[in-house]
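# Fold and contact review
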Amino acid sequence: MTMIEERARMNGVDVATLFATLDAVKETPEIAKFQFRASNTWVAGTHSRSMFQGFHGAMQEMEHKAVTTVDSDHPAVLVGEDNGPTPVEYLLHGIAACLTAGLANIAAARKVRLNSVTSTVEGDIDLLGILGMGGGEVRNGYQAIRVKFEIDADADEETVRELVAQSQRRSAVYDVLVNGTSVDVAVSVF
């Protein structure tokens, strides 16, 4: 008879593995260097398709357990066919998903049970910038982004607010949006 050991999970997080990962990074900081990748192919018009498959992490090449493909397009009012969310909408998903994942991990590490977490993300953008009609005064990207969480947890309000604040401080996507990052664009012409 084989015994199956079930690891302790809190909020769906394997807490033992979370702390083992933290310990491993303390011992060998270079395993914390990751490179994520996406490949994108134009389909037609404003429609393109991205694929996420491999990445580099923990000092080795790795593969996701499944290849993920996502489509992006513009709605008809923006000269697209609406085959998927716009690229800027994926940024909204990115910030919501990153903050939520961090919240789940941090709450689990602090032994706070989450019963439900939902968020609404809104981003304000003025197309005058993208269309080159803003006279250099209107930026191309979001002018403001708002994230609103609704959280039911086995903790008081102050504790829940601190969990979200810690997630915000540790969020990679929040960091990129608030602090920016360098982006190099290279072109090969055939």
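Right above here is the structure, for reference.
The notes below deal with the structure included here. (Residues numbered from 1 in each chain as written. Predicted model: local features only at pLDDT ≥ 70, side-chain atom pairs only at ≥ 80, totals over all residues. Heavy atoms only, no water.)

### Some points on the packing of aromatic side chains
Using the criterion set out here, one finds 3 aromatic pairs in the structure. Ring centres of Phe34 and Phe36 lie 5.8 Å apart, and the angle between their planes is 25 degrees; on these two criteria the pair is classed as stacked. Phe34 gets classed as partly exposed once you look at its relative accessible area, which sits at 42%. Here the aromatic residues Phe34, Phe36 and Phe55 are joined through ring pairs into a cluster of three or more. (Phe/Tyr/Trp six-rings, centres within 6.5 Å; stacked < 30°, edge-to-face > 60°. Buried < 20%, exposed > 50% of the residue type's maximum accessible area, 1.4 Å probe, protein only.)

### Things to note about helix α2 (residues 87-109)
Look at α2: 33 Å from first C-alpha to last across 23 residues, which is about the 33 Å you get at 1.5 Å a residue. Every buried residue of α2 is listed here: Leu92, Gly94, Ile95, Ala96, Leu99, Gly102, Leu103, Ala104, Ile106, Ala107 and Ala108. One or two positions beyond α2, positive phi appears at Lys111, with a value near 60 degrees. (Helix = DSSP H or I, 4+ residues; strand = E, 2+ residues; numbered from the N terminus. Expected span 1.5 Å × (residues − 1).)

### Here's the deal with the side chain of Ser48
Mapped onto the fold, Ser48 is located in strand β5 (residues 47-57). There is a polar contact of 3.2 Å between the side chain of Ser48 and the side chain of Asn40. (Polar contact = N/O pair within 3.5 Å; in protein donor to acceptor, adjacent residues only side chain to side chain.)

### A look at the packing of α2 against helix α4 (residues 157-170)
Two elements in contact, α2 and α4, have axes whose closest approach is 8 Å; the angle formed by their N-to-C orientations is 120 degrees. Comparing their axes, α4 and α2 come out oblique. Like other packed secondary-structure pairs, α2 and α4 cross with a definite hand, here right-handed. Residues Cys98, Leu99, Gly102, Leu103, Ile106 and Ala107 of α2 form the contact with α4, whose participating residues are Leu163, Val164, Gln166, Ser167 and Gln168. For the contact of α2 with α4, the per-class residue count stands at 7 nonpolar, 4 polar and no charged. (Axes fitted to C-alpha atoms, helices over the stretch in contact; angles between N-to-C directions. Parallel < 35°, antiparallel > 145°, perpendicular 65-115°, else oblique. Left-handed = near helix turned anticlockwise from the far one by under 90°. Contact = heavy atoms within 4.5 Å. Nonpolar A, V, L, I, M, F, W, Y, C, P; charged D, E, K, R; others polar.)

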